[in-house]
Amino acid sequence: MANQKIEVQLNRLPLRDFPYNISSVLSQISTEVLQDEDKNILEEMQWISEAANLYTSTPIIEDDYERRFDKYIDQFLEPQIIYYEQELTLTDNAFLKYRYADILLDYQGKFCKSLTLNRYQIYTILLPNLIEFAESYLPDLQHSDIDEPYQSYLCIIARGVEVSLLFRNASFTAKLTELLSRRLSELKKYDTDLRWALETSQLIREIYRSKLIDSEELIQEQICLSLLEEASETFREQNKHLLQRLFLNELIEWLKLTDPTKKKIKDMQLLVGASFEEEAVEQQGRLEKHKLVEANFLEQALHHYKKIGESEKVKELKVKIRDCYLDSKDLLEENTFSWRIPDESLEQIQQNNALLKKLELEQLLEILKMDDILIPDIDALERQTVSKKKTLSDFLGRSSMIVQGRKVFEETNDEDLYQFKLNQAYSLNLSLVLHYYMFHIFNIAIEKGLTADVFIATFEKWPLLYENNAKIIRTGISRFFEKDYISCLHILVPQLEACVRNLFAQAGYPTTTIKKGNTQHEETFTSFLENPKVIESFGKHYYKYLTFVTVEQTGLNLRNNIAHGLIDSEACNEATCMMVLHLFLSLTRHVLSPQDNE
């Protein structure tokens, strides 16, 4: 080592105390250095401390493994990198040799060319010291009741397996296999250690898969299979279903390599599905069971059965999940909240409403048709949603929406979360517009003589209205003025869809798809509205308004809920009907010609 004082002090530490107690030793040396005014070794101690305290990722075992160390090490300067290389031959400390070689093997910075050793030479120094350091953990593994020794040991051995397979070194791989085999033998003796058979098996399986060692020499295959089966059954009996599934999935991965008939794989896959179903009942030992928790595990079971092609189980679980959500209706009450409108805004609203009372009926109908204040500004809402910071609830769980016993939305990524929050904001904004503007305009218009006949006459001025649709629409509008809101919606929502389709059909846009036998079928309304030409023709504001009310799962979704008989009677109310009537009037702003389709 470059400084004998550091070498002596560090070698007093037992190898098993690295790297955890290295900082206290260096701190003591630092105090002595400052007293002696010997500052030449302070930088060296800093480099040792940095190397010892680096966080190490675990290859093969960690699903998101990318590299051994954080890219922070790529910022090490040339003197530090050269120091680590020199110490590979100067120090006798197995941990430091292992750690310096590990860093140099993973280093991707700009001073790689400053190294005199190549990667294979570094590897040959890394492996024997890695094994020596790993063996220092063995006494602690037999009787330890804490996780740390197992985690550290497996992290070291996993790195050894990774680089041995990378450099195709059979002798070092055999030595690592021997260490892993020893762990398997010990695990069969101590039931408390059974959980750690999983990672040990993963490493042996990676060696087996590499074919670097003759499969006849790798007798651990059968030991792994029997131990995995034993562990999965033990954890099932203990109601530790997550661990059971982890071991079953590891067993499946082994069977993919060793069972050419694949017969047993299906049995194991069915056990994984059954484990989700059992956990739906057990609910991790909760005294008070909840139907929402049950639904969550059943959904995971359904997803698994769907993946392995068990269609009958999928059908069975769909029914169970729906029943769980229906039984949880009391728990799924709508969130209620209050907001305060600033006094100056309320005053402005009151002034506007006072002005509305002075207008003629024709003017009020023109406002309903043309005033943009009645349609939420989607651009402003998008900006607001983007600017909002994530809340604690965003990190603790996924947002979802359940309607009539069906989960119609579940967040899977940041884009889903953004769209969900955007629609929440849109819904609130639409409620404000409805309460403070649209209701007042409609009520004032009714006071001034608005009837079904007057409204129908106004709408029928739209040149693109088909007579057949007009007859049905007249009935729907009449039902609104008779306060029969259920009939009103069930008549008008399908007619709104028809009018939108007709608008584009008359301009030469296709509204159908070709099916088997060259038969034409109407394209689904959701798919039709996704056509870029539709979005462009309507503009963002009306387009969002139309889709939110008619087809969006996290919106009102009136079209689909009515078509499939899923709408709640409570949703068939005056406010919802007013929005549909307003959509009809706003639609008359749009008149397309065949030239628009060119």
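Note that the structure is predicted; figures quoted are calculated from it, not measured.

Trainee: Break down the overall build of the chain for me, citing the residues and quoting the values.
Mentor: Counting its secondary structure elements, the chain contains 28 helices and four strands. Out of the 598 residues in the chain, the part that is buried amounts to 48%. Considering only contacts in the chain between residues 6 or more positions apart, those separated by 24 or more positions represent 68%. A total of about 31,200 Å² of accessible surface is found on the chain, and carbon and sulfur atoms cover 50% of it.

Trainee: Tell me about empty space enclosed by the protein, and please be specific about residues and values.
Mentor: Summed over the entire model, instances satisfying the criterion amount to one cavity of 30 Å³ or more. The space that makes up the largest cavity amounts to roughly 40 Å³. What lines the largest cavity is Leu141, Tyr150, Tyr153, Leu154, Arg183, Trp196 and Thr200. The biggest single contributor to the lining of the largest cavity is helix 8 (residues 148-166), with three residues. Each residue belonging to the lining of the largest cavity can be placed in one class, and the counts come to five nonpolar, one polar and one charged.

Trainee: With reference to specific residues and values, describe the nonpolar core.
Mentor: Residues Leu10, Ile48, Tyr84 and Ile157 are the most contacted members of the largest nonpolar core, which totals 101 residues. Every residue in contact with Ile157, bar those within four places of it in the chain, is listed here: Ala134, Leu176, Leu179, Leu180 and Leu203. Of all hydrophobic cores here, the second largest spans 75 residues; its members include Leu381, Ile456, Cys499 and Phe548.

Trainee: Can you explain the packing of helix 23 (residues 485-505) against helix 28 (residues 574-587)? Please cite residues and give values.
Mentor: The geometry of helix 23 relative to helix 28 is characterised by a closest axis approach of 10 Å and an angle of 25 degrees between their N-to-C directions. Accordingly, the angle class assigned to the pair helix 23 and helix 28 is roughly parallel. Helix-helix and strand crossings are classified by hand; for helix 23 and helix 28 the assignment is left-handed. For the pair formed by helix 23 and helix 28, the contact residues are Tyr485, Cys488, Leu489, Leu492, Val493, Gln495, Leu496, Cys499, Val500 and Leu503 on the first element and Glu574, Thr576, Cys577, Val580, Leu581, Leu583, Phe584 and Leu587 on the second.

Trainee: I'd like a rundown of the layout of surface pockets, residues and numbers included.
Mentor: Looking at the second largest pocket, its volume works out to about 480 Å³. Lining the second largest pocket we find 23 residues, and of these Tyr20, Thr56, Gln151, Ser152 and Cys155 sit closest to its centre. Taken together, the elements giving at least two residues each to the lining of the second largest pocket come down to helix 5 (94-106) and helix 8. Looking at the lining of the second largest pocket element by element, the count peaks at six residues for helix 8. The residue makeup of the lining of the second largest pocket, split by class, is 13 nonpolar, five polar and five charged.

Trainee: For the environment of Asp371, give the residues involved together with the corresponding values.
Mentor: Note that Asp371 resides in the loop between helix 17 (361-370) and helix 18 (378-387). Taking relative accessible area as the criterion, Asp371 reaches 32% and is therefore assigned partly exposed. Once the C-alpha coordinates of Asp371 and Ser586 are considered, the two residues, 215 residues apart in sequence, prove to be 9.0 Å apart. Filtering out sequence-adjacent residues up to four positions away, Asp371 remains in contact with Glu366 and Arg589. Among the polar contacts listed, one links the side chain of Asp371 to the backbone nitrogen of Ile373, at a separation of 3.1 Å.

Trainee: Would you mind going over the packing of aromatic side chains in detail, with residue names and values included?
Mentor: One pass over the full model with this rule turns up 30 aromatic pairs. Measuring from centroid to centroid gives 5.4 Å for Trp47 and Tyr83, while their planes differ by 50 degrees, and the two rings are tilted. Remark: Tyr83 occurs in helix 4 (residues 78-90) and Trp47 occurs in helix 3 (residues 42-52); sequence separation between them is 36 residues. With respect to class, Trp47 is no different from Tyr83; both count as buried. Put simply, the rings of Phe504, Tyr509, Phe525, Phe528, Phe538, Tyr542 and Tyr545 pair up and form one aromatic cluster. Residue placement shows Arg501 over the ring face of Phe528; its charged tip is 5.6 Å from the ring centre. Sitting over the ring of Tyr426, Lys544 keeps its end group 5.6 Å from the ring centre.

Trainee: Can you explain the side chain of Thr200? Please cite residues and give values.
Mentor: Relative to the helices and strands, Thr200 is located in helix 10 (residues 197-210). Of the residues examined, Thr200 reaches a relative accessible area of 2% and is grouped as buried. In contact with Thr200, other than residues within four places in its own chain, are Leu154, Leu180, Arg183, Leu184 and Leu187.

Trainee: Residue-level account of unusual backbone geometry, with values.
Mentor: Both trends apply: most residues other than glycine have a negative phi, and most peptide bonds are in trans. Positive phi, close to 55 degrees, is recorded for Arg168, a residue that is not glycine. Turning to its location among the elements, Arg168 is positioned in the loop between helix 8 and helix 9 (170-187). Despite not being glycine, Asn239 has its phi angle at roughly 60 degrees, a positive value. Structurally, the position occupied by Asn239 is in the loop between helix 11 (220-237) and helix 12 (241-258). By relative accessible area, which is 37% here, Asn239 ends up partly exposed.

Trainee: Explain the pattern of salt bridges to me, using residue names and the numbers behind them.
Mentor: Inspection of every chain in the model, using the stated rule, returns 31 salt bridges. Note that Arg67 and Asp106 form a salt bridge whose closest N and O atoms lie 3.2 Å from each other. With a gap of 39 residues between them, Arg67 in the loop between helix 3 and helix 4 and Asp106 in helix 5 connect regions that are remote in the sequence. The exposure class of Arg67 is buried, given its relative accessible area of 16%. A salt bridge links Arg322 to Asp323; its shortest N-O distance comes to 3.4 Å. On the accessibility criterion, Arg322 (39% relative accessible area) is partly exposed. The exposure class assigned to Asp323 is partly exposed, which follows from its relative accessible area of 31%. Within the structure, one salt-bridge network assembled from shared partners comprises Arg68, Asp102, Arg159 and Glu162.

Trainee: So what's going on with helix 28? Residues and values would help.
Mentor: Look at helix 28: 20 Å from first C-alpha to last across 14 residues, which is about the 20 Å you get at 1.5 Å a residue. The buried fraction of helix 28 is high, at 13 of 14 residues. Looking at where helix 28 begins, the residue whose side-chain oxygen comes 3.2 Å from the main-chain nitrogen of Ala575 is Asn573.

The rules behind the values
Residues numbered from 1 in each chain as written. Predicted model: local features only at pLDDT ≥ 70, side-chain atom pairs only at ≥ 80, totals over all residues. Heavy atoms only, no water. Helix = DSSP H or I, 4+ residues; strand = E, 2+ residues; numbered from the N terminus. Buried < 20%, exposed > 50% of the residue type's maximum accessible area, 1.4 Å probe, protein only. Contact = heavy atoms within 4.5 Å. Areas by Shrake-Rupley, 256 points an atom, 1.4 Å probe, with all protein chains shown as cover. 1 Å grid on protein atoms, 1.4 Å probe; cavity = no way out; pocket = protein on both sides within 12 Å on 5 of 7 lines; lining within 4 Å. Points joined across faces, edges and corners; volume = space filled by probe spheres on them. Nonpolar A, V, L, I, M, F, W, Y, C, P; charged D, E, K, R; others polar. Core = buried A, V, L, I, M, F, W, Y, C linked by side-chain atoms within 4.5 Å. Axes fitted to C-alpha atoms, helices over the stretch in contact; angles between N-to-C directions. Parallel < 35°, antiparallel > 145°, perpendicular 65-115°, else oblique. Left-handed = near helix turned anticlockwise from the far one by under 90°. Polar contact = N/O pair within 3.5 Å; in protein donor to acceptor, adjacent residues only side chain to side chain. Phe/Tyr/Trp six-rings, centres within 6.5 Å; stacked < 30°, edge-to-face > 60°. Lys NZ or Arg CZ within 6 Å of the ring centre and 35° of its normal. Salt bridge = Lys/Arg side-chain N within 4 Å of Asp/Glu carboxyl O. Expected span 1.5 Å × (residues − 1).

So yeah, pure geometry; function would need other evidence.
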